[in-house]
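Residues per chain are reported as follows:
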Amino acid sequence: MPTEEPEIKSIPKSTRGSGRRLRGAVAHYLGTAIVSGQIAPGEKLTGEIANAEALDVSRSAYREAVQVLTAKGLVESRPKAGTRVLPRSRWNILDPTVLAWAFSASEPDVSFVRDLFELRSVVEPAAARFAAERRDKDDIKAMKDALAGMRRHTLATEAGRAADRAFHDALLRATHNDAMIALSASISAAVSWTTEFKQRSRALPRDPVPDHAKVCDAIAAGDPEAASAAMRTLVELALEDTRSAM
């Protein structure tokens with residue numbers, strides 16, 4: 001276990017605010033440092049007073065930010081023992097905010113990205129299969145509307161990425177499986193952040209909209225095998241594009 005305490009630097013003035021906004025800025029700063037590995041699991045954060053001074057924020061803002069990190073499983077605070085970063089296995093890595101922190105770093109952790117795509121490769125082909133079997137006209141309309149938004153705006157824009165999130169959300173809702181629907185926010189966030197990450201240094205290597213169209217068509221046609229296969233291909237190609245951007 002590391003013995004040296006991590007260096008904490010002040011938060012840039014441009015990210016500051018007051019109240020909830022300041023608490024969010026501190027949580028984002030620390031959360032990004034933890035998820036990116038700058039502050040490793042097992043490391044102990046310095047005391048509340050010292051860190052509040054180092055970050056140039058109030059003690060209450062720092063305390064509230066730590067509470068946010070605790071709720072997401074990143075740290076644990078104990079009387080007299082202080083606050084330590086928990087092992088990665090304890091993190092709520094599917095929390096959309098934690099996903100945002102992971103991709104806020106210049107380079108997300110390779111194993112973290114791998115884990116996300118392994119989850120997607122298990123969940124989404126099965127979800128597409130169920131959706132093809134259970135979808136109703138409203139589900140089909142939601143997916144087609146989202147697909148139209150992706151085509152209109154392209155995934156190079158926030159509007160296009162929002163449509164992409166809506167597509168994956170609609171697909172999971174079309175399963176009519178509450179357990180899968182509960183993953184909607186996490187899957188959609190993972191899709192959105194990986195798509196944005198792939199475009200940081202260059203344009204998308206290819207247009208992924210046709211891959212989504214194949215999934216949509218198979219689900220609308222009520223073909224479970226084709227829907228599952230099309231979604232599996234979509235996820236595999238998305239992983240290849242993400243790897244090429246890292």
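Reading guide: rules and limits
Throughout, a residue's number is its position along its own chain's written sequence, starting from 1. Selection of residues for local features in this predicted model requires a pLDDT of at least 70, selection of side-chain atom pairs for listing and counting requires 80 or more, and totals for whole chains, interfaces and linings are taken over all residues. Just so you know, side-chain values use all the structure's heavy atoms and leave hydrogens and water out. Across the chain, each position has a pLDDT score giving the predictor's confidence in that residue, from 0 to 100. Numbered from the N terminus, helices here are DSSP runs of H or I no shorter than four residues, and strands are runs of E no shorter than two. Aromatic pairing here means that ring centres of Phe, Tyr or Trp (its six-membered ring) are within 6.5 Å. Orientation follows from the plane angle: under 30 degrees is stacked, over 60 is edge-to-face, and everything else is tilted. Comment: the charge-over-ring label is applied if NZ (Lys) or CZ (Arg) is within 6 Å of the ring centre and within 35 degrees of the ring normal. Inter-axis angles, ranging from 0 to 180 degrees, are taken between N-to-C directions of lines fitted to C-alpha atoms, where helices are fitted over the stretch in contact. Should an angle fall under 35 degrees it is called roughly parallel, over 145 degrees roughly antiparallel, and 65 to 115 degrees roughly perpendicular, with every other angle called oblique. Crossing handedness: left-handed means the near helix sits turned counterclockwise from the far one by under a right angle, and right-handed means the same turn made clockwise. Contacts are assigned to residue pairs with any non-hydrogen atoms lying within 4.5 Å of each other. When residue character is reported, Ala, Val, Leu, Ile, Met, Phe, Trp, Tyr, Cys and Pro are called nonpolar, Asp, Glu, Lys and Arg charged, and the others, Gly included, polar. Only protein chains enter the accessibility calculation, which uses a 1.4 Å probe; a residue is then buried when its area is under 20% of its type maximum, exposed when over 50%, and partly exposed in between. The term polar contact refers here to a pair of N or O atoms within 3.5 Å; inside protein, the definition further demands a hydrogen-donor-capable atom paired with an acceptor-capable atom, and it admits residues adjacent in sequence only when both atoms are side-chain atoms.

A.B. asks: Explain the confidence of the model for the protein to me, please; I cannot follow it from the model alone.
C.D. replies: Parts of the model with low pLDDT should not have their predicted coordinates read in detail. Summarising the model, the protein shows a mean pLDDT of 87, and 91% of its residues fall at 70 or more. Ranking the elements of the protein by mean pLDDT puts helix 2 (residues 48-55) last, at 80, and helix 6 (residues 137-153) first, at 98.

A.B. asks: I tried to follow the packing of aromatic side chains on my own but got confused; where do I start?
C.D. replies: What describes a pair of aromatic rings is the distance from one ring centre to the other and the angle between the planes of the rings. Scanning the entire structure with this criterion turns up one aromatic pair. Of note, Arg-134 hangs over the ring of Phe-130, and the distance from its end group to the ring centre comes to 4.5 Å.

A.B. asks: Honestly, the packing of helix 10 (residues 209-220) against helix 11 (residues 224-245) in this entry has me stumped. Any pointers?
C.D. replies: Two quantities define a packed helix pair, namely the angle between the axes and the distance from one axis to the other. Two numbers describe how helix 10 lies on helix 11: the axes approach to 8 Å, and their chain directions differ by 165°. In terms of axis orientation, helix 10 runs roughly antiparallel to helix 11. As for the relative orientation of helix 10 and helix 11, their crossing is left-handed in sense. Contact residues: helix 10 offers Asp-211, His-212, Lys-214, Val-215, Ala-218 and Ile-219, while helix 11 offers Ala-226, Ala-227, Ala-230, Met-231, Leu-234 and Leu-237. Residue classes in the contact of helix 10 with helix 11 are distributed as nine nonpolar, one polar and two charged.

A.B. asks: So what exactly am I meant to see when it comes to unusual backbone geometry here?
C.D. replies: A negative phi angle is the norm for most residues apart from glycine, just as the trans form is the norm for most peptide bonds. A positive phi angle, close to 70°, is found at Thr-154, a residue other than glycine. Counting through the fold element by element, Thr-154 comes out in the loop between helix 6 and helix 7 (158-173). For Thr-154, a relative accessible area of 37% gives the class partly exposed. Positive phi outside glycine occurs at His-176, with the angle close to 55°. Position of His-176 relative to the elements: it lies in the loop between helix 7 and helix 8 (178-181).

A.B. asks: How should the side chain of His-212 be read in this particular structure?
C.D. replies: Mapping His-212 onto the fold places it in helix 10. In this structure the side chain of His-212 is engaged in a polar contact, spanning 3.1 Å, whose partner is the side chain of Asp-164. Those residues in contact with His-212 that lie beyond four places of it in its chain are Leu-147, Met-150, Asp-164, Phe-167, His-168 and Leu-234.

A.B. asks: When you look at the side chain of Arg-120 in this model, what are you seeing that I'm missing?
C.D. replies: You can see Arg-120 is positioned in helix 5 (residues 110-134). There is a polar contact of 2.4 Å between the side chain of Arg-120 and the side chain of Glu-124. With sequence-adjacent residues up to four places away left out, Arg-120 is seen in contact with Pro-125, His-168, Ile-187, Val-191, Thr-194, Leu-234, Val-235 and Ala-238.

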